[in-house]
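Per-entry structural report
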Amino acid sequence: MGHGGGGALSAELIEQIFVPAYGNALLAGMTDSAVLQLGGARLALSTDSYVVRPLFFPGGCLGDLAVNGTVNDLAMSGARPAYLSAAFVLEEGVELSVVERVARAMGAAAETAGVTIATGDTKVVESGHGDGVYVTTAGVGLVPERVDIRPQRARPGDAVIVSGPIGLHGVAVLSVREGLEFGVEIASDTAPLADLVATMLDVTPDVHVLRDPTRGGLAASLNEIARASGTGVRLAERALPVPDAVAAACGFLGLDPLYVANEGRLVAFVPPADAEAVLEAMRAHPQGTGATLIGECVTEHPGMVVVSTGLGGTRIVDLPLGEQLPRIC
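Residues numbered from 1 in each chain as written. Predicted model: local features only at pLDDT ≥ 70, side-chain atom pairs only at ≥ 80, totals over all residues. Heavy atoms only, no water.

Within an unreviewed UniProt entry, the label attached to the protein chain reads Hydrogenase expression/formation protein HypE, and the organism entered is Streptomyces sp. 900105755. Recorded under Sequence similarities (unreviewed entry), the UniProt text for the protein chain is reproduced unchanged: "Belongs to the HypE family." (UniProt positions renumbered as here; feature names shortened; annotations may be inferred.)

Written out as C-alpha coordinates, the structure is:
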(Lines give C-alpha, C1' and ligand atoms only; values in the text may rest on other atoms or scores of the structure.)
Protein backbone atom coordinates (compact mmCIF):
# COMPACT_ATOMS: atom_id res chain seq x y z
CA MET A 1 0.00 0.00 0.00
CA GLY A 2 2.90 2.33 0.70
CA HIS A 3 3.94 2.23 -2.95
CA GLY A 4 0.68 4.00 -3.84
CA GLY A 5 0.96 6.71 -1.21
CA GLY A 6 2.72 9.45 -3.15
CA GLY A 7 5.81 9.36 -0.92
CA ALA A 8 9.30 7.86 -1.05
CA LEU A 9 8.05 4.37 -1.89
CA SER A 10 5.99 5.71 -4.79
CA ALA A 11 9.03 7.58 -6.11
CA GLU A 12 11.10 4.40 -5.79
CA LEU A 13 8.52 2.40 -7.75
CA ILE A 14 8.40 4.98 -10.54
CA GLU A 15 12.16 5.54 -10.76
CA GLN A 16 13.20 1.88 -10.56
CA ILE A 17 10.42 0.17 -12.55
CA PHE A 18 8.47 2.50 -14.83
CA VAL A 19 11.06 5.07 -15.95
CA PRO A 20 13.54 2.39 -17.15
CA ALA A 21 10.72 0.56 -18.92
CA TYR A 22 9.32 3.61 -20.72
CA GLY A 23 12.35 5.92 -20.57
CA ASN A 24 11.99 8.97 -22.80
CA ALA A 25 12.54 12.70 -22.59
CA LEU A 26 8.87 13.48 -21.90
CA LEU A 27 8.97 11.45 -18.68
CA ALA A 28 12.06 13.26 -17.42
CA GLY A 29 10.04 16.15 -16.01
CA MET A 30 8.19 13.76 -13.65
CA THR A 31 5.12 16.02 -13.55
CA ASP A 32 1.44 15.06 -13.23
CA SER A 33 0.82 16.00 -16.87
CA ALA A 34 3.10 16.01 -19.91
CA VAL A 35 3.30 19.00 -22.23
CA LEU A 36 3.48 17.90 -25.87
CA GLN A 37 3.89 19.54 -29.26
CA LEU A 38 1.39 18.06 -31.72
CA GLY A 39 0.34 19.53 -35.05
CA GLY A 40 1.50 22.99 -34.09
CA ALA A 41 -0.41 22.96 -30.78
CA ARG A 42 0.93 22.73 -27.23
CA LEU A 43 -1.07 20.04 -25.45
CA ALA A 44 -1.07 18.81 -21.88
CA LEU A 45 -1.87 15.12 -21.38
CA SER A 46 -2.63 13.42 -18.06
CA THR A 47 -4.13 10.21 -16.71
CA ASP A 48 -5.09 9.07 -13.21
CA SER A 49 -6.91 6.21 -11.49
CA TYR A 50 -9.31 6.68 -8.58
CA VAL A 51 -9.86 3.99 -5.98
CA VAL A 52 -11.22 5.99 -3.03
CA ARG A 53 -13.00 4.15 -0.22
CA PRO A 54 -15.79 4.89 0.62
CA LEU A 55 -17.21 5.92 -2.74
CA PHE A 56 -19.23 8.75 -1.20
CA PHE A 57 -17.97 11.15 1.46
CA PRO A 58 -18.83 14.63 2.80
CA GLY A 59 -18.31 17.17 0.02
CA GLY A 60 -17.95 14.74 -2.86
CA CYS A 61 -17.66 11.23 -4.22
CA LEU A 62 -15.58 9.06 -6.53
CA GLY A 63 -17.28 10.62 -9.58
CA ASP A 64 -16.41 14.29 -9.10
CA LEU A 65 -13.00 13.28 -7.71
CA ALA A 66 -12.21 11.47 -10.99
CA VAL A 67 -13.06 14.56 -13.03
CA ASN A 68 -11.54 17.21 -10.79
CA GLY A 69 -8.34 15.26 -10.21
CA THR A 70 -7.49 14.98 -13.90
CA VAL A 71 -8.67 18.52 -14.68
CA ASN A 72 -6.38 19.79 -11.93
CA ASP A 73 -3.40 17.77 -13.12
CA LEU A 74 -3.78 19.41 -16.53
CA ALA A 75 -4.20 22.84 -14.95
CA MET A 76 -0.92 22.42 -13.04
CA SER A 77 0.82 22.68 -16.43
CA GLY A 78 -1.09 25.90 -17.13
CA ALA A 79 -3.41 24.10 -19.57
CA ARG A 80 -7.05 24.80 -20.27
CA PRO A 81 -8.58 21.30 -19.94
CA ALA A 82 -10.88 20.34 -22.81
CA TYR A 83 -11.63 16.61 -23.10
CA LEU A 84 -11.59 13.58 -20.80
CA SER A 85 -11.91 9.84 -21.21
CA ALA A 86 -13.44 7.65 -18.48
CA ALA A 87 -12.77 3.96 -17.90
CA PHE A 88 -14.82 2.05 -15.30
CA VAL A 89 -13.88 -1.20 -13.59
CA LEU A 90 -17.03 -2.53 -11.88
CA GLU A 91 -17.13 -5.36 -9.37
CA GLU A 92 -19.76 -8.03 -9.94
CA GLY A 93 -22.64 -7.36 -7.56
CA VAL A 94 -22.29 -3.58 -7.25
CA GLU A 95 -25.71 -1.97 -7.45
CA LEU A 96 -26.47 -0.16 -10.69
CA SER A 97 -27.89 2.72 -8.67
CA VAL A 98 -24.41 3.24 -7.19
CA VAL A 99 -22.83 3.24 -10.65
CA GLU A 100 -25.47 5.73 -11.80
CA ARG A 101 -24.73 8.07 -8.87
CA VAL A 102 -21.03 8.02 -9.69
CA ALA A 103 -21.66 8.60 -13.42
CA ARG A 104 -24.07 11.48 -12.77
CA ALA A 105 -21.59 13.08 -10.38
CA MET A 106 -18.94 12.83 -13.09
CA GLY A 107 -21.25 14.47 -15.60
CA ALA A 108 -22.07 17.33 -13.25
CA ALA A 109 -18.40 17.85 -12.35
CA ALA A 110 -17.42 17.88 -16.03
CA GLU A 111 -20.04 20.53 -16.76
CA THR A 112 -18.78 22.66 -13.86
CA ALA A 113 -15.18 22.29 -15.04
CA GLY A 114 -16.07 23.09 -18.65
CA VAL A 115 -14.80 19.79 -20.07
CA THR A 116 -16.39 17.05 -22.17
CA ILE A 117 -16.20 13.34 -21.35
CA ALA A 118 -15.72 12.24 -24.94
CA THR A 119 -14.95 8.52 -24.75
CA GLY A 120 -14.67 5.67 -22.28
CA ASP A 121 -14.64 1.97 -21.47
CA THR A 122 -16.28 -0.43 -19.03
CA LYS A 123 -15.01 -3.70 -17.58
CA VAL A 124 -16.56 -6.02 -14.98
CA VAL A 125 -14.50 -8.21 -12.63
CA GLU A 126 -15.70 -11.12 -10.49
CA SER A 127 -17.08 -10.53 -7.02
CA GLY A 128 -14.24 -10.21 -4.53
CA HIS A 129 -11.77 -9.00 -7.15
CA GLY A 130 -12.57 -5.29 -6.89
CA ASP A 131 -14.00 -2.78 -4.47
CA GLY A 132 -17.27 -1.70 -6.06
CA VAL A 133 -16.14 0.87 -8.61
CA TYR A 134 -12.74 2.03 -9.87
CA VAL A 135 -12.46 4.88 -12.37
CA THR A 136 -9.57 5.96 -14.59
CA THR A 137 -9.75 9.30 -16.37
CA ALA A 138 -7.36 10.77 -18.92
CA GLY A 139 -7.50 14.32 -20.21
CA VAL A 140 -6.06 16.75 -22.74
CA GLY A 141 -5.93 20.52 -22.77
CA LEU A 142 -4.25 23.42 -24.54
CA VAL A 143 -1.24 25.15 -23.00
CA PRO A 144 -0.96 28.89 -23.84
CA GLU A 145 2.20 30.23 -25.43
CA ARG A 146 4.79 31.73 -23.05
CA VAL A 147 3.57 29.52 -20.21
CA ASP A 148 6.29 27.24 -18.83
CA ILE A 149 5.24 25.68 -15.54
CA ARG A 150 7.33 22.85 -14.11
CA PRO A 151 9.08 22.04 -10.82
CA GLN A 152 12.55 22.65 -12.24
CA ARG A 153 11.70 26.37 -12.58
CA ALA A 154 11.55 27.08 -8.84
CA ARG A 155 14.03 29.86 -8.01
CA PRO A 156 15.42 31.23 -4.72
CA GLY A 157 13.27 34.17 -3.71
CA ASP A 158 10.07 32.71 -5.16
CA ALA A 159 7.01 33.21 -2.98
CA VAL A 160 5.27 29.96 -1.99
CA ILE A 161 1.48 30.34 -1.98
CA VAL A 162 -1.24 27.83 -1.15
CA SER A 163 -4.74 28.50 -2.46
CA GLY A 164 -6.68 27.70 0.72
CA PRO A 165 -7.04 25.58 3.87
CA ILE A 166 -5.27 22.22 3.79
CA GLY A 167 -6.10 18.71 5.01
CA LEU A 168 -9.85 18.79 4.43
CA HIS A 169 -10.15 15.98 1.88
CA GLY A 170 -8.12 13.40 3.76
CA VAL A 171 -9.88 14.02 7.06
CA ALA A 172 -13.33 14.02 5.39
CA VAL A 173 -12.73 10.61 3.81
CA LEU A 174 -11.23 9.17 6.98
CA SER A 175 -14.11 10.40 9.13
CA VAL A 176 -16.73 8.40 7.20
CA ARG A 177 -14.47 5.42 6.57
CA GLU A 178 -13.77 4.92 10.26
CA GLY A 179 -17.03 6.34 11.64
CA LEU A 180 -15.25 9.14 13.49
CA GLU A 181 -16.92 12.35 14.67
CA PHE A 182 -15.02 15.53 15.44
CA GLY A 183 -17.89 17.74 16.61
CA VAL A 184 -18.33 19.33 13.17
CA GLU A 185 -18.66 17.84 9.71
CA ILE A 186 -15.48 18.19 7.68
CA ALA A 187 -16.18 18.28 3.93
CA SER A 188 -13.75 17.47 1.14
CA ASP A 189 -12.35 20.42 -0.80
CA THR A 190 -12.63 18.62 -4.17
CA ALA A 191 -13.02 21.25 -6.92
CA PRO A 192 -11.70 22.12 -10.40
CA LEU A 193 -8.82 24.61 -10.37
CA ALA A 194 -8.28 25.41 -14.06
CA ASP A 195 -10.18 28.69 -13.92
CA LEU A 196 -8.20 29.79 -10.86
CA VAL A 197 -4.97 29.00 -12.70
CA ALA A 198 -6.13 31.01 -15.72
CA THR A 199 -6.82 33.95 -13.38
CA MET A 200 -3.29 33.69 -11.99
CA LEU A 201 -1.77 33.53 -15.48
CA ASP A 202 -3.71 36.65 -16.44
CA VAL A 203 -1.69 38.45 -13.76
CA THR A 204 1.61 36.97 -14.92
CA PRO A 205 2.36 34.18 -17.39
CA ASP A 206 5.64 33.69 -15.51
CA VAL A 207 4.24 31.49 -12.74
CA HIS A 208 7.17 29.12 -12.13
CA VAL A 209 5.60 26.06 -10.50
CA LEU A 210 2.11 24.76 -9.77
CA ARG A 211 1.20 21.53 -8.01
CA ASP A 212 -2.00 20.15 -6.51
CA PRO A 213 -0.99 18.48 -3.23
CA THR A 214 -3.05 15.29 -3.30
CA ARG A 215 -1.45 12.02 -2.10
CA GLY A 216 1.24 12.81 0.43
CA GLY A 217 -0.23 16.26 0.99
CA LEU A 218 1.61 19.57 0.86
CA ALA A 219 4.76 17.95 2.28
CA ALA A 220 5.16 15.53 -0.64
CA SER A 221 4.53 18.21 -3.28
CA LEU A 222 7.02 20.67 -1.79
CA ASN A 223 9.70 18.01 -1.39
CA GLU A 224 9.28 16.95 -5.02
CA ILE A 225 9.63 20.58 -6.16
CA ALA A 226 12.66 21.19 -3.94
CA ARG A 227 14.44 18.09 -5.22
CA ALA A 228 13.60 18.73 -8.88
CA SER A 229 14.84 22.33 -8.73
CA GLY A 230 17.79 21.84 -6.39
CA THR A 231 16.54 24.61 -4.11
CA GLY A 232 15.31 24.73 -0.54
CA VAL A 233 11.84 25.62 0.73
CA ARG A 234 11.24 27.42 4.02
CA LEU A 235 7.71 27.56 5.45
CA ALA A 236 6.33 29.63 8.32
CA GLU A 237 4.38 27.35 10.65
CA ARG A 238 2.08 30.14 11.83
CA ALA A 239 1.14 30.95 8.21
CA LEU A 240 -0.03 27.44 7.34
CA PRO A 241 -3.82 27.51 6.80
CA VAL A 242 -4.90 24.50 8.85
CA PRO A 243 -8.58 24.68 9.87
CA ASP A 244 -9.24 24.15 13.57
CA ALA A 245 -11.32 21.03 12.86
CA VAL A 246 -8.52 19.51 10.78
CA ALA A 247 -5.93 20.37 13.43
CA ALA A 248 -8.10 18.76 16.11
CA ALA A 249 -8.70 15.62 14.02
CA CYS A 250 -5.00 15.29 13.16
CA GLY A 251 -4.05 15.78 16.79
CA PHE A 252 -6.48 13.05 17.82
CA LEU A 253 -5.23 10.66 15.13
CA GLY A 254 -1.53 11.48 15.39
CA LEU A 255 -1.32 12.90 11.86
CA ASP A 256 0.54 15.93 10.50
CA PRO A 257 -1.78 18.12 8.35
CA LEU A 258 1.12 18.76 5.96
CA TYR A 259 0.93 15.10 4.89
CA VAL A 260 -2.86 14.86 4.53
CA ALA A 261 -4.36 14.77 1.02
CA ASN A 262 -6.14 17.70 -0.62
CA GLU A 263 -8.27 17.64 -3.79
CA GLY A 264 -9.13 21.28 -4.41
CA ARG A 265 -5.96 23.12 -3.49
CA LEU A 266 -2.84 24.18 -5.34
CA VAL A 267 0.59 25.36 -4.27
CA ALA A 268 2.31 27.96 -6.45
CA PHE A 269 5.86 29.28 -6.74
CA VAL A 270 5.77 32.79 -8.19
CA PRO A 271 8.42 35.49 -8.63
CA PRO A 272 8.50 37.77 -5.56
CA ALA A 273 7.68 40.86 -7.64
CA ASP A 274 4.38 39.26 -8.69
CA ALA A 275 3.40 37.67 -5.36
CA GLU A 276 1.06 40.38 -4.04
CA ALA A 277 -0.76 40.77 -7.37
CA VAL A 278 -1.18 37.01 -7.72
CA LEU A 279 -2.46 36.70 -4.14
CA GLU A 280 -4.97 39.50 -4.71
CA ALA A 281 -6.27 37.87 -7.89
CA MET A 282 -6.53 34.46 -6.21
CA ARG A 283 -8.46 35.84 -3.24
CA ALA A 284 -10.98 37.41 -5.63
CA HIS A 285 -11.68 33.97 -7.16
CA PRO A 286 -14.15 31.50 -5.54
CA GLN A 287 -11.51 28.74 -5.41
CA GLY A 288 -8.82 30.99 -3.95
CA THR A 289 -10.53 33.04 -1.24
CA GLY A 290 -8.23 31.51 1.38
CA ALA A 291 -5.01 31.97 -0.58
CA THR A 292 -2.07 32.42 1.79
CA LEU A 293 1.63 33.17 1.51
CA ILE A 294 3.22 30.32 3.47
CA GLY A 295 6.94 30.61 2.72
CA GLU A 296 9.67 31.12 0.19
CA CYS A 297 12.16 29.31 -1.98
CA VAL A 298 15.74 29.64 -0.64
CA THR A 299 19.33 28.78 -1.50
CA GLU A 300 19.92 27.10 1.88
CA HIS A 301 19.37 23.36 2.42
CA PRO A 302 18.89 22.54 -1.32
CA GLY A 303 16.40 19.75 -1.96
CA MET A 304 14.89 20.07 1.52
CA VAL A 305 11.76 21.57 3.08
CA VAL A 306 11.89 23.10 6.55
CA VAL A 307 9.34 24.82 8.77
CA SER A 308 10.12 27.74 11.05
CA THR A 309 8.14 26.98 14.19
CA GLY A 310 6.27 29.40 16.38
CA LEU A 311 8.89 28.86 19.11
CA GLY A 312 11.73 30.06 16.91
CA GLY A 313 13.04 26.62 16.01
CA THR A 314 13.20 24.76 12.71
CA ARG A 315 12.02 21.31 11.78
CA ILE A 316 12.58 19.29 8.63
CA VAL A 317 9.53 18.23 6.63
CA ASP A 318 10.71 15.13 4.80
CA LEU A 319 9.11 13.18 1.97
CA PRO A 320 6.69 10.68 3.56
CA LEU A 321 7.79 7.05 3.29
CA GLY A 322 4.42 5.58 2.37
CA GLU A 323 0.78 6.39 2.95
CA GLN A 324 -0.70 7.78 6.18
CA LEU A 325 -4.22 7.36 4.83
CA PRO A 326 -4.60 4.60 2.21
CA ARG A 327 -7.23 4.63 -0.55
CA ILE A 328 -7.79 8.38 -0.26
CA CYS A 329 -8.12 9.20 -3.96
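Structure shown, so let's carry the discussion forward.
**Structural notes on the nonpolar core**
Among the nonpolar cores identified, the biggest contains 53 residues, and L210 and L266 are the most heavily contacted of them. Within the second largest apolar cluster, 22 residues are counted, among which are V162, V209, A226 and C297. (Core = buried A, V, L, I, M, F, W, Y, C linked by side-chain atoms within 4.5 Å. Buried < 20%, exposed > 50% of the residue type's maximum accessible area, 1.4 Å probe, protein only.)

**A closer look at a nonpolar patch on the surface**
A surface patch of nonpolar side chains, amounting to about 530 Å² of accessible area, comprises I14, I17, F18, Y22, L27 and M30. Considering the arrangement of structural elements, one finds L27 in the loop between α1 (8-22) and β1 (34-38). A residue is classified by how much of its surface remains accessible, and L27, at 32% relative accessible area, is partly exposed. (Patch = residues over 30% accessible without salt bridge, like charges linked within 9 Å, V, L, I, M, F, W, Y side chains within 5 Å. Areas by Shrake-Rupley, 256 points an atom, 1.4 Å probe, with all protein chains shown as cover. Salt bridge = Lys/Arg side-chain N within 4 Å of Asp/Glu carboxyl O. Helix = DSSP H or I, 4+ residues; strand = E, 2+ residues; numbered from the N terminus.)

**Notes on the sheet that holds strand β14 (residues 314-316)**
Ordered by their spatial adjacency, seven strands build an open sheet running β9-β11-β8-β12-β10-β13-β14, and the pairing between neighbours is mixed. The open sheet has two edge strands, β9 (209-211) and β14, and neither has a second partner. On average, adjacent strands in this sheet sit at an angle of 25° to one another, irrespective of strand direction. Examined bridge by bridge, β9 and strand β11 (residues 267-270) share three bridges and lie antiparallel to one another. (Pairing = 2+ DSSP bridges. Axes fitted to C-alpha atoms, helices over the stretch in contact; angles between N-to-C directions.)

**Considerations on the environment of F269**
Its place among the elements puts F269 in strand β11. Residues F269 and G69, 200 residues apart in the sequence, show an inter-C-alpha distance of 20 Å. If we skip the residues at most four places from it in the chain, F269 touches A154, D158, A159, V160, V207, H208, V209, L222, I225, V233 and C297. (Contact = heavy atoms within 4.5 Å.)

**Some points on the UniProt feature "domain: PurM-like N-terminal" (unreviewed entry) in the protein chain**
UniProt records the feature "domain: PurM-like N-terminal" (unreviewed entry) for residues 32-143 in the present numbering. In residues 32-143, the share of helix is 29% and the share of strand is 46%. The end C-alpha atoms are 14 Å apart.

**A few points about the side chain of D64**
Tracing the backbone through its elements, the reader meets D64 in helix α2 (residues 62-75). With no salt bridge to any partner, buried D64 finds its closest opposite charge in R101, at an N-O distance of 9.2 Å. A distance of 3.1 Å separates the side chain of D64 from the backbone nitrogen of C61, its partner in a polar contact. When sequence neighbours within four positions are dropped, the list of residues in contact with D64 reads A105, M106, A109 and T190. (Lys, Arg positive; Asp, Glu negative; His and termini not counted. Polar contact = N/O pair within 3.5 Å; in protein donor to acceptor, adjacent residues only side chain to side chain.)

**Topic: the pairing of strand β13 (residues 305-308)**
Sheet analysis places strand β10 (residues 232-236) next to β13, joined by four bridges and oriented parallel. Across the sheet, the residue bridging to L235 is V307, located in β13. For β13 and β14, the ladder comprises three bridges, and the chain directions are antiparallel. When the bridges of β14 are listed, S308 appears paired with T314. In this structure, the hairpin formed by β13 and β14 is closed by a connection of five residues, where G312 is found at a positive phi of approximately 95°.

**Quick look at helix α8 (residues 275-283)**
Those residues of α8 that fall on the buried side of the exposure criterion are A275, V278, L279, A281 and M282. Buried positions in α8, seen along its axis, are confined to an arc of 165° and lie on one side of it. Opposite its buried face, α8 presents the exposed residues E276 and E280, each directed more than 90 degrees away. Looking at the buried positions of α8, the neighbouring elements they touch are β8 (159-162), α5 (194-203), β11 and β12 (292-298). (Arc of directions from axis to C-beta.)

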